[in-house]
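Here's the letter readout for the chains.
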Amino acid sequence: MRFSRPIRIIGTSMYIVQTSIYTGMVIYAPALALNQITGLDLWGVLVATGAVCILYCTLGGLKAVIWTDVIQMVIMLAGFVAVIARGAVLQGGLTKIWEDAGRGGRLETFDFDPDPLKRHTFWTIVVGGSVMWVSIYGINQSQVQRYISCKSLAHAKMSLYVNLLGLWVTVSLAVFSGLTMFSIYKDCDPLTNGDIGTQDQLLPYLVMDILSDYPGIPGLFVAAAYSGTLSTVSSSINALVAVTVEDFILPICRNLTEKQVAWMNMGLSVFFGALCIGMAGVASVMGSVLQAALSVFGMISGPLLGLYLLGMLFRTSNSTGGLVGMILGLVATLWVGIGGQIFPPTAEKTLPLPVSTAGCNNTMGQNHTSAPWTSAAPLTALPGVRPPLADSWYSLSYLYFSLLGTLITVVCGLLVSMITGGCKQENMNPDLFVKMSDVICFSSCSKSEASDDTEQPATDIDLKADNCTSKAFDPMSKDAEKATKL
């Protein structure tokens, strides 16, 4: 272990808090959509969603999670395609949708303003967004457990490339669905007109507006929305159970039988599922679901990513530096994130794009909903008195939260490590640090072998030992050979 056990416990606790809040948001978004489409009670939908995830996570484990993800991905893409295809028919083709988006200022991608307070620019998305995605794909247990399930390191790397292609397709379809929505409502914005209560209701409203005459298609959209939710929630619950058992229970209860561990996993799945349903109530008061979810990831994943980088890239870092850096990074990101939630940035920083209600009396032959949709959650109110930091520090783009936490953790961790003497050990396990073979994606493809050996239980490792005071590591030993395998 690179750092001490207290750091591992704190990091695991941060991950549990982050994933519980994020999963609550993921449950809330499609439940809100189903509530508006079918009229079902919102909290009844939330509980039903959580119950389904708890059921197949408890009975099927990681294998059920992965295979249901495959099916849900297909359904999700089909929902996007249905919206785009019907929108193209109504608007006269995809070219017309693209032209409307261009005239409405929806295609201005390259805004090179370096101001970190502007919510979306080229730099916030490329720099801040990249760091955030590294934290999601690099250190998040929900993703790492998928890599470990692969037969070899080469297969794990290949899975990331396949995922990259799938992510491109998914995001592209989601973006074009938004452009389709703008083309249809460019002269009558449903949110400004009062037909809906929140931005998260726009796409469900569009589906009922243009697809309600086609039996089963609105249901396909709901299935598509729930596909993304179920795949994320099931992965999160499985990951929460795994880290809780490995880091909190097994180090204390070392003599548990396999049957006892299995029952404990089932019980924890139910517990975390119920916790995530409760967190959906928190999501209902956080405004835009997407921005709130990414903000939570940035606030907590940023310091965790900084801790990992500190341990992998710098041999001089020690446990004291890692602990202090992670705490300072977490305090800074929570400060700016919570402050930005209480005192939202003004329109000068968020730069909302113009919308129109000039054509709201003309239905254009479509079946607009006659009664306004009610909002399940009020938007965040703008306080009357804004402190001086509200228009500077609290207005930092949410995409920079992860970068901020990472930089503070690494810089402060290095400084404290040097002040406290650094890592005095001369010979350290080389597998704890990044090597050239790790950077070159397929350098080990020809040499990768399936890992058939049984993984060493976490209880057999001396979790109390700090790497900086442990004995010298022999890279030619049998333990080193096992450590290189997944």
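Residues numbered from 1 in each chain as written. Predicted model: local features only at pLDDT ≥ 70, side-chain atom pairs only at ≥ 80, totals over all residues. Heavy atoms only, no water.

**Remarks on the overall build of the protein chain**
Here is step 1 of the chain: Helix and strand counts for the protein chain stand at 16 helices and zero strands.
Here is step 2 of the chain: Taking all 486 residues of the protein chain together, the buried fraction comes to 45%.
Here is step 3 of the chain: In the protein chain, once contacts between residues fewer than 6 apart in sequence are set aside, the share between residues at least 24 apart is 85%.
Here is step 4 of the chain: Of the roughly 24200 Å² of accessible surface on the protein chain, 67% is carried by carbon and sulfur atoms. (Helix = DSSP H or I, 4+ residues; strand = E, 2+ residues; numbered from the N terminus. Buried < 20%, exposed > 50% of the residue type's maximum accessible area, 1.4 Å probe, protein only. Contact = heavy atoms within 4.5 Å. Areas by Shrake-Rupley, 256 points an atom, 1.4 Å probe, with all protein chains shown as cover.)

**What about the nonpolar core?**
A general trend in soluble globular proteins is that nonpolar side chains are found buried together.
Here is step 1 of the chain: Within the largest apolar cluster, 77 residues are counted, with the highest numbers of intra-cluster contacts made by Tyr28, Leu46, Leu206, Leu304 and Leu396.
Here is step 2 of the chain: Leaving out residues up to four positions away in the same chain, Leu46 has contacts with Ile27, Tyr28, Ala31, Ile277 and Ala280. (Core = buried A, V, L, I, M, F, W, Y, C linked by side-chain atoms within 4.5 Å.)

**Section: the state of the cysteines**
Here is step 1 of the chain: Scanning all chains against the criterion turns up one disulfide.
Here is step 2 of the chain: Between the sulfur of Cys188 and that of Cys360 lies a disulfide, 2.2 Å long from S to S. Where Cys188 bonds to Cys360 through sulfur, the torsion about that S-S bond is close to 105°, and the disulfide is right-handed. Of this pair, Cys188 sits in the loop between helix H6 (153-184) and helix H7 (190-193) while Cys360 is found in the loop between helix H13 (347-350) and helix H14 (401-419), placing the two residues 172 residues apart along the sequence. (Disulfide = S-S within 2.5 Å.)

**Points about the environment of Tyr28**
Here is step 1 of the chain: Within the fold, Tyr28 resides in helix H1 (residues 5-38).
Here is step 2 of the chain: Residue classification places Tyr28 among the buried positions, given a relative accessible area of 3%.
Here is step 3 of the chain: Separated by 18 residues in the primary sequence, Tyr28 and Leu46 have C-alpha atoms spaced 6.6 Å apart.

**Details of the packing of helix H8 (residues 202-211) against helix H9 (residues 217-249)**
Here is step 1 of the chain: Across the interface, H8 lies against H9 with an axial gap of 9 Å and an inter-helix angle of 160°. Regarding the angle of H8 to H9, the classification is roughly antiparallel. Pair H8 / H9 crosses with right-handed handedness. Between H8 and H9, the residues in contact are Leu203, Pro204, Val207, Met208 and Leu211 and Ile217, Pro218 and Phe221, respectively.
Here is step 2 of the chain: A class-by-class count of the residues in the contact of H8 with H9 yields eight nonpolar, no polar and no charged. (Axes fitted to C-alpha atoms, helices over the stretch in contact; angles between N-to-C directions. Parallel < 35°, antiparallel > 145°, perpendicular 65-115°, else oblique. Left-handed = near helix turned anticlockwise from the far one by under 90°. Nonpolar A, V, L, I, M, F, W, Y, C, P; charged D, E, K, R; others polar.)

**Some remarks on the side chain of Gln145**
Here is step 1 of the chain: Counting through the fold element by element, Gln145 comes out in helix H5 (residues 141-148).
Here is step 2 of the chain: Residue classification places Gln145 among the buried positions, given a relative accessible area of 6%.
Here is step 3 of the chain: Within the structure, the side chain of Gln145 is placed 3.3 Å from the backbone oxygen of Ser235, a separation counted as a polar contact. (Polar contact = N/O pair within 3.5 Å; in protein donor to acceptor, adjacent residues only side chain to side chain.)

**Some remarks on the environment of Lys118**
Here is step 1 of the chain: Relative to the helices and strands, Lys118 is located in the loop between helix H3 (94-103) and helix H4 (122-139).
Here is step 2 of the chain: Its relative accessible area of 12% is what places Lys118 among the buried residues.
Here is step 3 of the chain: Taking the C-alpha atoms as reference points, Lys118 and Leu351, separated by 233 residues in sequence, lie 7.7 Å from one another.
Here is step 4 of the chain: One polar contact links Lys118 to Asp113, side chain to side chain, over a distance of 3.4 Å.

**Observations regarding the pattern of salt bridges**
Here is step 1 of the chain: Taken as a whole, this structure holds six salt bridges when the rule is applied.
Here is step 2 of the chain: Asp247 is paired through a salt bridge with Arg8; the nearest N and O atoms lie 2.7 Å apart. Taken together, the residues span a long stretch of sequence, with Asp247 in helix H9 and Arg8 in helix H1 at a distance of 239 residues.
Here is step 3 of the chain: Residue Asp247 is classed as buried on the basis of its relative accessible area, which comes to 7%. (Salt bridge = Lys/Arg side-chain N within 4 Å of Asp/Glu carboxyl O.)

**As for a nonpolar patch on the surface**
Here is step 1 of the chain: Judged by side-chain polarity, Phe110, Phe112, Trp123, Ile125, Val126 and Val127 come together as a nonpolar surface patch covering roughly 570 Å² of accessible area.
Here is step 2 of the chain: With respect to the helices, strands and loops of the structure, Val127 is situated in helix H4. (Patch = residues over 30% accessible without salt bridge, like charges linked within 9 Å, V, L, I, M, F, W, Y side chains within 5 Å.)

**A closer look at the confidence of the model for the protein chain**
Here is step 1 of the chain: In this model, the protein chain carries a mean pLDDT of 78, and residues with pLDDT of at least 70 account for 80%.
Here is step 2 of the chain: Per-element mean pLDDT across the protein chain ranges from 40 in helix H16 (residues 478-483) up to 93 in H14.
Here is step 3 of the chain: Taken together, the stretch residues 362-383 has pLDDT below 50 and engages in 49 contacts with residues farther than four places along the chain or on a different chain.
Here is step 4 of the chain: In the predicted structure, residues 444-486 sits below a pLDDT of 50 and forms 62 contacts with residues beyond four places in sequence or in another chain. (pLDDT = per-residue confidence, 0-100.)

**A look at the packing of aromatic side chains**
Here is step 1 of the chain: According to the stated counting rule, one finds 11 aromatic pairs in the structure shown.
Here is step 2 of the chain: With a centroid separation of 6.1 Å and an interplanar angle of 5°, the aromatic rings of Phe343 and Tyr394 are classed as stacked. Here Tyr394 lies in the loop between H13 and H14 and Phe343 lies in the loop between helix H12 (319-342) and H13, a separation of 51 residues in the sequence. A single burial state applies to Phe343 and to Tyr394, both of which are buried.
Here is step 3 of the chain: Aromatic rings pair up to connect Phe110, Phe112, Phe122 and Trp123 into one cluster. (Phe/Tyr/Trp six-rings, centres within 6.5 Å; stacked < 30°, edge-to-face > 60°.)

**Side note on H4**
Here is step 1 of the chain: The first and last C-alpha atoms of H4 sit 25 Å apart over 18 residues, in line with the 26 Å expected at 1.5 Å per residue.
Here is step 2 of the chain: Its axis deflected by about 30° at Gly129, H4 carries its strongest bend there.
Here is step 3 of the chain: Looking at H4, one finds that the buried residues are Thr124, Gly128, Gly129, Val131, Met132, Ser135, Ile136, Tyr137 and Ile139. (Expected span 1.5 Å × (residues − 1). Bend = angle between axes of the 7 residues up to and from the residue.)

**A look at the packing of H9 against helix H10 (residues 258-283)**
Here is step 1 of the chain: Between H9 and H10, whose axes approach to 9 Å, the crossing angle comes to 125°. For the element pair H9 / H10, the angle class is oblique. In this structure, H9 meets H10 at a crossing whose hand is right-handed. Between H9 and H10, the contacting residues are Ile237, Leu240, Val241, Thr244, Val245 and Ile249 on the first element and Met264, Asn265, Leu268, Ser269, Phe272, Gly273 and Cys276 on the second.

**Considering the environment of Arg86**
Here is step 1 of the chain: As for its placement among the helices and strands, Arg86 is situated in helix H2 (residues 42-91).
Here is step 2 of the chain: Sequence separation of Arg86 and Leu211 is 125 residues, and the distance between their C-alpha atoms is 7.5 Å.
Here is step 3 of the chain: When sequence neighbours within four positions are dropped, the list of residues in contact with Arg86 reads Ile210, Leu211 and Tyr214.

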